[in-house]
Structures are given as structure tokens and as C-alpha cells.
Amino acid sequence: MTHAAEHKVDIDAYSGVFDRPDFADDSPHEQVVFCQDKATGLKAIIGIHSTTLGPALGGTRFYPYRDEQAALTDVLRLSRGMTYKAAAAGLQLGGGKAVLIGDPALDKTPALLEAYGRFVETLNGRYITAGDVGTTSDDMDIIGRSTEHVVARTPAAGGSGDSAPMTALGVFNSMTAAAKSVWGSADLTGRRVGVEGTGKVGYNLISLLLDAGAVVTATDVNALALQRVKAAFPGVAIAETVIDKDIDIYAPCAMGATLTDLSVRTLNAAVVCGAANNQLAVARVEESLRAKGVVWVPDFVSNSGGLIQVAGEIADTPRSEVEAQVKNIGVTVGRILTRQHEQGILAGQAADAIVRERLSAVAAH
Ligand code: NAI
């Protein structure tokens, strides 16, 4: 099964962890831990997909799941995705993720986060946590009171801080690699780039694109985010949407699943490369992109800069070395696109193949 093919299966239709048909073609999850604490209302699931390459690292998502099964499905999908992201980035890390069930605005308390940290600690470093949707660096500081297996804390607490600049740098280098593959030159001068979502990553990406001479059109649903862009980068055109505009590169940096059969019909760009996770609404959309001659850079490769940063935090890697590793994402993208071209396969399949080769080579030892 390709990385994206999991979308084909109605994953909500399955319960439990063992022998799930949605992960049938992949290695099964090694360990799934349910944690609850009555005093604080904590209900958490920690999913460890693989420790083949190293300890399983992945963020903690705090989200009001409609039920336990939805939370389980999400943690299984996300932790597997982290195995792929870490392997593609060349890191000595496995894939894991955790979900906390509840509304972070109402249910997130220091006591609950500390209770969660105690459960993370019981895993003795097989799982290392970080921030994700619904959790922040400040929350990681609190979790860090009860476990040492936490990264992405605030700089004041010894963490490496906001990962968005490194994520944006990885997306930028992925874009230049895709440009080289499509147009024969990595130079983005004059290339028209549509950035969808001008939040933490989008904003940093715009800055890099303008420095490289690109012509940027940006969109966001949040007026404040757009104002920040207008104030800092007066040359950026603001539009209601970017995906259907006359652009060379579409950079989804807001939510996932923006690439649908319908949206691909309106897309004029030759390259899609952005930070959003799970950009393809369903796997077959990559076929539609290829039919239109659009090159899609698999998201779990292009957006791995933040993960490389926190891996550097664990290994105490100097910032300059982390930056070099993030820029190297472009080399990986080049390899994926070459393989796609040579073997007549999809970029998602080429990326999956690279990951699986690395995992089996390490497992063989
Ligand atoms: P963010 O929350 O700072 O920014 C997202 C922006 O998208 C917000 O300004 C929001 O108003 C805007 N937005 C939401 N829906 C939109 C829509 N329909 N159309 C246009 N704009 C919309 O998030 P951040 O950190 O910039 O992340 C962006 C994406 O990249 C997310 O999907 C995230 O999961 C992914 N990502 C981020 C990483 C990081 O290091 N921050 C690492 C890997 C992936």
C-alpha cells in the first residue's frame, strides 16, 4: 500500500489494533498504550508504530474526538506517518504519536498534562513527545515536569523553540528541487508561487520565496494573518484563493486535503509543494495530478524540517548542522522525482519505496 493509499480504506469502519485491514500491507504497530487518570480527566492513547530506526518520536494532539475509536484511528494513522517522515528525512528515529481526548480550550490543565507526562515516562524513552495540534511549547514545558522524554519545549526551558522556520526552509528546498526537475533550473526568479495559509510556516516561506526572486500571491482565512504579511511584504498580492490562479507553484500551507478531483481540475500550477499534512483528499488524486502533468512533492518529505529540528534537539546538534540537514530534504526530493520519472511511478510510491528500503536495510541488521 502506498503512503497515500490508506485514504482509500474507510478507516472508521475498523476497531481495535490487531490485524487492521487499513494497515494490512504495512508493518503493524508495535505498541499502543491507553492511559487514563480519573483525578485529572486524562484520556490518552500513545501509538508506537515503529522503533526500527530509533525511539518513536511524534507530537501530542489534543482534540475533541467524537469517540475513542476516532481517537484510536487517528493515533494509528499519525504514528505510522511519523515512521515514514523520520525515515525519509534520514533520521535515527521511529514513528510515534499521542492523542489526548478532549477540548484543549476547556479540558487542558497543568495537572492533566503532568499526569500525561508520567505515562510518557513509563515508556522509558521508547516514545518521545512534542507539540502538535492543540498543544504548544508551553505545554511541553509542563509535560517535562514529569518526563524527560519531551522535545520542542520553549527556549527558556532548553527547547529549540518554534519549528516553523525550519519547516519552511525544508519546503523551500523541496520547491527548488522540484523546479529543477520540471524546468531544468532550481532558480525561482520570476516563478509565480501561490501560498495558501500565511500562518507560522506560510509566513516564513513567503520571506524565503521573495528573497529568491519569486512572485508571491497569498491567501488566508484569517484577516490578521494577512495583515501581518501585507505589513512585512508589501510586494505580495493577496487573493481570495490561490489554487485556481495563474501560478507555477501551489504551496498548501494551511489545512490538508485541499487536493481533490475537483480542485485539481482548476489547478494551473506545474508543481505542488507545501507544508500541510495529508494534502491529497484521496490517494487517486495523485493520478489526476500526474494526468495533468503536475509534479506533487509528497508532504511527509517536504514538511519534515520541524522533525529534523527536534531530532537535533535530542542529539544536541548545532543549529548550522540542523540547517544543513533540512536543506538536504531537497536532495531527497530530487531522488524521489528522478525515481518517479525513471520507473514511471507516482512520487508517493517513489517516496514510500525509499522509506521501505531504509527500514528493511536496518531491520536486516
Ligand atoms: P498555523 O496555524 O500557524 O497556520 C495555518 C494558517 O492557515 C492560519 O493562518 C489559518 O488562518 C490558515 N488557514 C486555515 N484554513 C485556511 C483555508 N481554508 N484557506 C486559507 N488559509 C487557511 O500552522 P503552521 O504551523 O503554519 O502549519 C501550517 C501547516 O503545515 C499545517 O497543516 C501543519 O499541520 C503543517 N505542518 C507544520 C509544521 C510546523 O513546524 N509548524 C511541521 C509540519 C507540518
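Owing to the predicted nature of the structure, the values given are computational and were not obtained by experimental measurement. (Residues numbered from 1 in each chain as written. Predicted model: local features only at pLDDT ≥ 70, side-chain atom pairs only at ≥ 80, totals over all residues. Heavy atoms only, no water.)

A few words now on the side chain of Q279. By the element assignment, Q279 lies in the loop between β10 (271–272) and α9 (285–291). You can call Q279 buried: its relative accessible area is 0%. Setting aside residues up to four positions removed in sequence, Q279 forms contacts with P252, G256, A257, T258, L259, V272, G274, W296, V297 and D299. (Helix = DSSP H or I, 4+ residues; strand = E, 2+ residues; numbered from the N terminus. Buried < 20%, exposed > 50% of the residue type's maximum accessible area, 1.4 Å probe, protein only. Contact = heavy atoms within 4.5 Å.)

Once that is clear, we can look at the layout of surface pockets. When its volume is computed, the largest pocket comes out at roughly 1,600 Å³. Taken together, 48 residues form the lining of the largest pocket, with R61, D132, V133, A275 and N277 sitting closest to its centre. The set of elements that each furnish at least two residues to the lining of the largest pocket consists of β3 (56–63), α1 (68–88), β5 (127–131), α4 (137–143), α5 (164–183), α6 (200–211), α10 (299–302) and α11 (305–315). Ranked by residues supplied to the lining of the largest pocket, first place goes to α1 with five residues. A breakdown of the residues in the lining of the largest pocket according to their chemical character gives 20 nonpolar, 19 polar and nine charged. Each of domain 1 (28–82 + 91–157) and domain 2 (164–304 + 332–355) gives at least three residues to the lining of the largest pocket. (1 Å grid on protein atoms, 1.4 Å probe; cavity = no way out; pocket = protein on both sides within 12 Å on 5 of 7 lines; lining within 4 Å. Points joined across faces, edges and corners; volume = space filled by probe spheres on them. Nonpolar A, V, L, I, M, F, W, Y, C, P; charged D, E, K, R; others polar. Domains from an automatic or database assignment.)

For the rest of this paragraph, the subject is the sheet that holds β5. Sheet architecture is open: five strands sit in the order β1-β2-β4-β3-β5, paired in mixed fashion. Whereas interior strands pair on both sides, the edge strands pair on one side only; in this sheet they are β1 (31–37) and β5. Going from strand to strand, the sheet's axes swing by 25° on average, the running direction of each strand aside. Here β3 runs beside β5; their pairing, made up of five bridges, is parallel. (Pairing = 2+ DSSP bridges. Axes fitted to C-alpha atoms, helices over the stretch in contact; angles between N-to-C directions.)

The next thing to look at is the packing of helix α13 (residues 329–343) against helix α14 (residues 347–364). Where α13 contacts α14, the axes come no closer than 8 Å and their chain directions differ by 115°. Classified by chirality, the crossing of α14 by α13 is right-handed. Counted together, R335, I336, L337, R339 and Q340 of α13 and A347, A350, A351, A353, I354 and E357 of α14 form the full contact between these two elements. Along the lines of polarity and charge, the residues of the contact of α13 with α14 split into seven nonpolar, one polar and three charged. (Left-handed = near helix turned anticlockwise from the far one by under 90°.)

We now examine the site of the ligand. With respect to spatial proximity, 18 residues lie near the ligand, and among them S163, T167, V201, D220 and A254 are the closest. Here the ligand has 830 Å² of accessible area as a free molecule, and 71% of this is covered by the chains. Of the pockets mapped on this structure, the ligand occupies the largest pocket. At the level of secondary structure, the elements contributing two or more residues to the shell around the ligand comprise α5 and α6. Taken together, the residues that form the shell around the ligand break down as nine nonpolar, seven polar and two charged. (Near = heavy atom within 4 Å. Areas by Shrake-Rupley, 256 points an atom, 1.4 Å probe, with all protein chains shown as cover. Sits in = over half its atoms within 2 Å of the grid points.)

Turning next to the domain arrangement of the protein. Assigned domains within the protein: domain 1 (28–82 + 91–157) and domain 2 (164–304 + 332–355). For domain 1 versus domain 2, the distance between C-alpha centres works out to 29 Å.

Another point: the pattern of salt bridges. In total, this model carries 15 salt bridges according to the counting rule given. The shortest N-O distance in the salt bridge between K108 and D139 comes to 2.6 Å. With a gap of 31 residues between them, K108 in the loop between α2 (104–107) and α3 (110–122) and D139 in helix α4 connect regions that are remote in the sequence. The network of salt bridges with common partners includes R61, D74, R77, K97 and D132. (Salt bridge = Lys/Arg side-chain N within 4 Å of Asp/Glu carboxyl O.)

Attention now goes to the confidence of the model for the protein. Predicted confidence across the protein gives a mean pLDDT of 94, with 96% of residues reaching 70 or more. Scored below 50 in pLDDT, residues 1–9 makes 29 contacts in the model with residues more than four places away or belonging to other chains. (pLDDT = per-residue confidence, 0-100.)

Turning our eyes to something else, we now look at the environment of P104. With respect to the helices and strands, the residue P104 is situated in helix α2. Spatially, the C-alpha atoms of P104 and P64 are 7.7 Å apart, while their sequence positions differ by 40 residues. Other than its neighbours up to four places away in sequence, P104 contacts F62, P64 and G134.

What follows deals with the nonpolar core. Counting residues in each nonpolar core, the largest one holds 64 residues, and the members touching the most others are M175, V195, L205 and L209. In terms of residues, this core owes the most to one element, α5, which gives ten residues. Built from parts of two domains, this core gets at least three residues from each of domain 1 (28–82 + 91–157) and domain 2 (164–304 + 332–355). Ignoring anything within four residues of it in the chain, the contact list for V195 reads G202, L205, I206, L209, V216, T217, A218, T219, V242, A251 and C253. Within the second largest apolar cluster, 21 residues are counted, among which are V33, L100, L113 and V120. (Core = buried A, V, L, I, M, F, W, Y, C linked by side-chain atoms within 4.5 Å.)

All right, on to the packing of α5 against α13 then. It is the contact of α5 with α13, at a shortest axis distance of 8 Å, that shows an interaxial angle of 35°. Both α5 and α13 take part in a crossing whose hand is right-handed. On α13, the residues touching G170, N173, S174, A177, A178 and S181 of α5 are I329, G330, V333, G334 and L337. The residue inventory of the contact of α5 with α13, partitioned by class, reads five nonpolar, six polar and no charged.

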